[in-house]
Amino acid sequence: RRNLERYKKFHGTTIELVRGCSYGACFFCPRPEGSRYTRGFSVGMKLDEISYLSAKGITGIPIIDEEFWEGAAGIKGKIPFLYELIERKQSGSINPSMVFCADMRADTICAAKDLETQLPKDEWPLHLLSQAGIKFIFCGIESLSDDMLRHLNKGTTVDENIRAVQILREKGLKFQAGSLGLAP
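About the cut-offs
Residues numbered from 1 in each chain as written. Predicted model: local features only at pLDDT ≥ 70, side-chain atom pairs only at ≥ 80, totals over all residues. Heavy atoms only, no water. Helix = DSSP H or I, 4+ residues; strand = E, 2+ residues; numbered from the N terminus. Buried < 20%, exposed > 50% of the residue type's maximum accessible area, 1.4 Å probe, protein only. Polar contact = N/O pair within 3.5 Å; in protein donor to acceptor, adjacent residues only side chain to side chain. Pairing = 2+ DSSP bridges. Axes fitted to C-alpha atoms, helices over the stretch in contact; angles between N-to-C directions. Salt bridge = Lys/Arg side-chain N within 4 Å of Asp/Glu carboxyl O. Expected span 1.5 Å × (residues − 1). Contact = heavy atoms within 4.5 Å. Arc of directions from axis to C-beta. Left-handed = near helix turned anticlockwise from the far one by under 90°. Nonpolar A, V, L, I, M, F, W, Y, C, P; charged D, E, K, R; others polar.

### Observations regarding unusual backbone geometry
Phi at glutamate 142 is positive, roughly 70°, even though this residue is not glycine. If you trace the backbone, glutamate 142 turns up in strand 5 (residues 134-142). Judged by its relative accessible area of 9%, glutamate 142 is buried.

Structure, rendered in C-alpha cells:
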C-alpha cells in the first residue's frame, strides 16, 4: 500500500532530458557496441515542458534518461538545469512540491560527490538534486563482484558501487539498486 501511494505521484508521464548513453559499453546494453552518442535537448525547452505538465496537475515525473549526469564529464553541465528547475519551483511556475526520479551510474554518483571539493557548496550537484526535487535515484549496481562487473563491461567496481550507496544514504536520497538477475 505504501508503494501504491508513491506510484500515484508518477501518474502517466515521463520526461527525457538526453537521448543516448555516454558510456555505451555495458555487455547487456541493447545499443550497438561503442555507441556513446548522446543528444541533449535545450534546458529551456525541457523546463517549459515540465512547467506545462505541472500546470496540468502532474506532481511527479520519472526522468528516463539512461544516465542523468551524461557521464562524469556531464555533471557540471546539468548544474544550470538544476538551478533553473529550483528557480521555477520557487517562482511557482512549476509546482514546488513536484518530485522526480532519475537513473544514475555508481561511478557518476561518486564523481558528483568528488566535485564537492572543487565547487562552492551552493553548486554541489547532489545537494542541488535534492533542492530541485529529484528525490529517488535508480542506481544500476548490477553486481557486487568485480569479476562479474568486468565481464559485463560495466566500467564500475564493487568499491564504487558501495561508495555510491553510502553517498546516496548520506545525502538522504532514496534509491533502488538495480542488479542483473543472475549476476552475483
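Here the narrative resumes.
### A few points about the side chain of lysine 46
Among the secondary structure elements, lysine 46 is positioned in helix 2 (residues 43-55). Residue lysine 46 is classed as buried on the basis of its relative accessible area of 7%. A polar contact is formed between the side chain of lysine 46 and the side chain of glutamate 49, at a distance of 2.8 Å.

### Some thoughts on the sheet that holds strand 6 (residues 174-179)
What links the strands of a sheet is backbone hydrogen bonding, and the strands pair in either a parallel or an antiparallel sense. A sheet is described by the order of its strands in space; here four strands give the open sequence 3-4-5-6, paired in parallel fashion. The open sheet has two edge strands, strand 3 (60-62) and strand 6, and neither has a second partner. Pairs of neighbouring strands in the sheet enclose a mean axial angle of 20°, with direction left out of account. As defined by bridge partners, strand 4 (residues 99-104) adjoins strand 5 across five bridges and the pair is classed as parallel.

### Remarks on the pattern of salt bridges
Evaluated as defined, the whole model comprises ten salt bridges. A salt bridge links aspartate 48 to arginine 88, with the shortest nitrogen-to-oxygen separation between them at 2.9 Å. Placement of aspartate 48 in helix 2 and of arginine 88 in helix 3 (residues 75-91) is noted, with a sequence separation of 40 residues between them. Close ionic contact of glutamate 142 with lysine 154 constitutes a salt bridge, the shortest N to O distance being 3.4 Å. With a gap of twelve residues between them, glutamate 142 in strand 5 and lysine 154 in the loop between helix 6 (146-151) and helix 7 (158-170) connect regions that are remote in the sequence. Assigned by exposure class, glutamate 142 and lysine 154 land together as buried. Taken together, the shared-partner salt bridges in this structure form one network comprising Lys113, Glu116, Glu170 and Lys171.

### Overview of helix 7
Taking 1.5 Å as the rise per residue, helix 7 with 13 residues should run 18 Å; its terminal C-alpha atoms sit 18 Å apart, in good agreement. Listed as buried for helix 7 are Val158, Asn161, Ala164, Val165, Ile167 and Leu168. Those residues of helix 7 that are buried are in contact with helix 4 (106-114), helix 5 (125-132), strand 5, helix 6 and strand 6.

### Some details on helix 2
An ideal rise of 1.5 Å per residue puts 18 Å on 13 residues; helix 2 measures up with 18 Å between its terminal C-alpha atoms. Taken together, the buried positions of helix 2 are Lys46, Leu47, Ile50, Ser51, Leu53 and Ser54. Seen from one end, helix 2 has its buried residues packed into an arc of 165°, which puts them on one side. With respect to the buried face of helix 2, the exposed residues turned more than 90 degrees away are Tyr52 and Ala55. Glycine 57, located one to two residues past helix 2, shows a positive phi value of around 95°.

### Considering the packing of helix 2 against helix 3
Here helix 2 crosses helix 3 at 35°, and the two axes come no closer than 10 Å. Here helix 2 runs over helix 3; the crossing is right-handed. Residues Val43, Gly44, Leu47, Asp48, Ile50 and Ser51 of helix 2 form the contact with helix 3, whose participating residues are Phe81, Glu84, Leu85 and Arg88. When its residues are assigned to classes, the contact of helix 2 with helix 3 shows five nonpolar, two polar and three charged.

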